[in-house]
Amino acid sequence: PRKFQRWKSLPSDASRFYGNQVWSPSSPLLSSVDEREVDKFSSLSSSWWGNGDGAEAVPPSSTLAGLVLPPGFEYNPLLSMNPARIKFLLQHFIDGTTMPSRRRPLSGARALDVGCGGGITSESLLRLGCETVLAIDPGGSVVEEAYRHGRACGLNVRMYHEDGRNEEEDGRPKIFYRGGCSVEEYSQEVEIRNIGGEGCKGDRYEIVTILEVIEHARDPCSIIAAASSLLRRPSLACPRGGLLVLSTINRTPESFAFAIAGAEYLARALPVGTHDWGTFLSPGEVRSLAEASGLEEVATAGMVVKACGRNANCGPLVRWELDEGNEECNW
C-alpha cells in the first residue's frame, strides 16, 4: 500500500502529466470506469465474501483488523489481504492523531471507500471507529451484496440517497453504500453543492481508500485526481489534512508470475482474466500521478505472501504481511 497526504500548495510541475490536462472537479466529466471490468466483478458479487454468508458461525476470535472474518477467509485473496492493508492504514493514520482509542482507533473519522466492491474495507473502517463511511462503486450488484452482508452482520448500513436524505442522525456510526457511481461523478456532485453554497463537512474525508482498483480503471490519473479532491484540506485543526491509501500491483516479471500465472492459472485462486499485466502500475508511476493531483507521499510498503499451502476443500491458503523492502508485486 501507499499513503499520501495533500500538499499545502500544488507542485509547480503538476501540469506535466497527460498533455497539461490536470483533472479538477470543474473539468468536463472524465471517467476511470471500464464497463468490462464492472461487468466482470458484478458477475462475482455473490462470492465476494468467500465461504462466509452473513455473520453466521463467526466466533469473536475471527476478528482481525476490524474485519469479522468468515470461515475459510484465508482462501479468499481479497479477504486474506485485508488485514495487512488495514494494518498499514492504522499505522500511518494513528501517527498523525493524538491518543487514539485502542478499540476504535479511527474514532470520529470520515472515510470514503472508492471501488468498495462487496464492502470488505468499508466494514473494517466502520468497526474501527469511523463516524461515517461512504462506500461507492460503479457496479450495482456488488454494492447490493455489500449492503446485504452488512445487514446480516448487524452493522448500521444504509443505501445512499442522492436527494440528500443521508445525514439523519441516529447516534451510531454508519456505512452509506452507493452503487452505479464513479469517484469522478461524486466529486463533481460535491463541487456543484459547494458552488451552490450547499456543501457540508461530510464532503471532505480524513481517509480515502482506493484498494486494488486502479489496475482495473481505464484512467488511473482521473481516479486519483478525483479522489484527492475529496480529501480534507490542511488546516490549523488538522495540519496534515486527509490521507489517501492506495494499493495495487507493480508491473514486473514477478507480478506476472505471481498474480496471473500463479493466482489465476495454477492456484485458481482468481478467475482467469481477472488481471491484465499491461494495466499494472509501478510505484514511481503512481507517485507521479499523485503528485500531479497535489498529493505528497507519506509512506509505502510491499505486501508479500509469508505462508502458502493448499486445502483440498477450500483451495489455496494465503496470508499476507507488509514488507517495506519488497514492492515487486503487490504494494
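It should be noted that the structure appears before, not after, this text.
Residue numbers run consecutively from 1 along every chain, following the written order of its sequence. Only residues with pLDDT of at least 70 are given local features in this predicted model, and only at 80 or more are side-chain atom pairs given and counted; all residues enter the totals for whole chains, interfaces and linings. The side-chain figures draw on all heavy atoms in the structure; neither hydrogens nor water molecules are used.

Draft legend 1. Quick peek at the environment of Arg240. Strands here are runs of E lasting at least two residues and helices are runs of H or I lasting at least four, both read from the DSSP assignment and numbered beginning at the N terminus. Its location among the elements puts Arg240 in the loop between α6 (220-228) and β9 (243-247). Note on classification: 1.4 Å probe, protein chains only; a residue is buried when its accessible area is under 20% of the maximum for its type, exposed when over 50%, partly exposed between these limits. Note on Arg240: relative accessible area 17%, which makes it buried. Once the C-alpha coordinates of Arg240 and Glu206 are considered, the two residues, 34 residues apart in sequence, prove to be 9.7 Å apart. Contacts described as polar in this section are N or O atom pairs within 3.5 Å, which, within protein, must combine one atom able to donate a hydrogen with one able to accept it, while residues neighboring in sequence count only if both atoms come from side chains. Polar contacts involving the side chain of Arg240 include one to the main-chain carbonyl oxygen of His92, which spans 3.3 Å. Within the structure, Arg240 has its side chain in polar contact with the backbone oxygen of Phe93 (distance 3.3 Å).

Draft legend 2. Quick look at the pattern of salt bridges. We count a salt bridge whenever a side-chain nitrogen from Lys or Arg sits within 4 Å of a carboxyl oxygen from Asp or Glu. Counted according to the given criterion, the structure contains 10 salt bridges. Here Arg36 ties to Asp34 by a salt bridge, and the two come within 3.2 Å at their closest N and O atoms. For Arg36, a relative accessible area of 65% corresponds to the exposed category. Its relative accessible area of 15% is what places Asp34 among the buried residues. Between Glu212 and Arg85 there is a salt bridge whose closest N-O contact spans 2.4 Å. Of this pair, Glu212 sits in the loop between β8 (207-211) and α6 while Arg85 sits in helix α2 (residues 77-95), placing them 127 residues apart in sequence. When sorted by exposure, Glu212 lands in the same class as Arg85, which is buried.

Draft legend 3. View of the pairing of strand β4 (residues 110-114). Burial analysis of β4 places 5 of its 5 residues in the buried class, the great majority of the element. Of the two faces of β4, the one lined by Arg110, Leu112 and Val114 and the one lined by Ala111 and Asp113 are each fully buried. In terms of strand pairing, β4 meets strand β5 (residues 132-137) through 5 bridges, oriented parallel. Bridging from a neighbouring strand, Arg110 pairs with Thr132 of β5. For the handedness criterion, the strands are oriented away from the viewer, and a crossover whose path from the first strand over the helix to the second runs clockwise is classed as right-handed. Regarding the hand of the β-α-β motif, the stretch spanning β4, helix α3 (residues 120-127) and β5 is right-handed. By this definition, two strands are paired if DSSP reports at least two bridges between them. Looking at chain direction, β4 and β8 are connected through 4 bridges and run parallel. When the bridges of β8 are listed, Val114 appears paired with Ile210.

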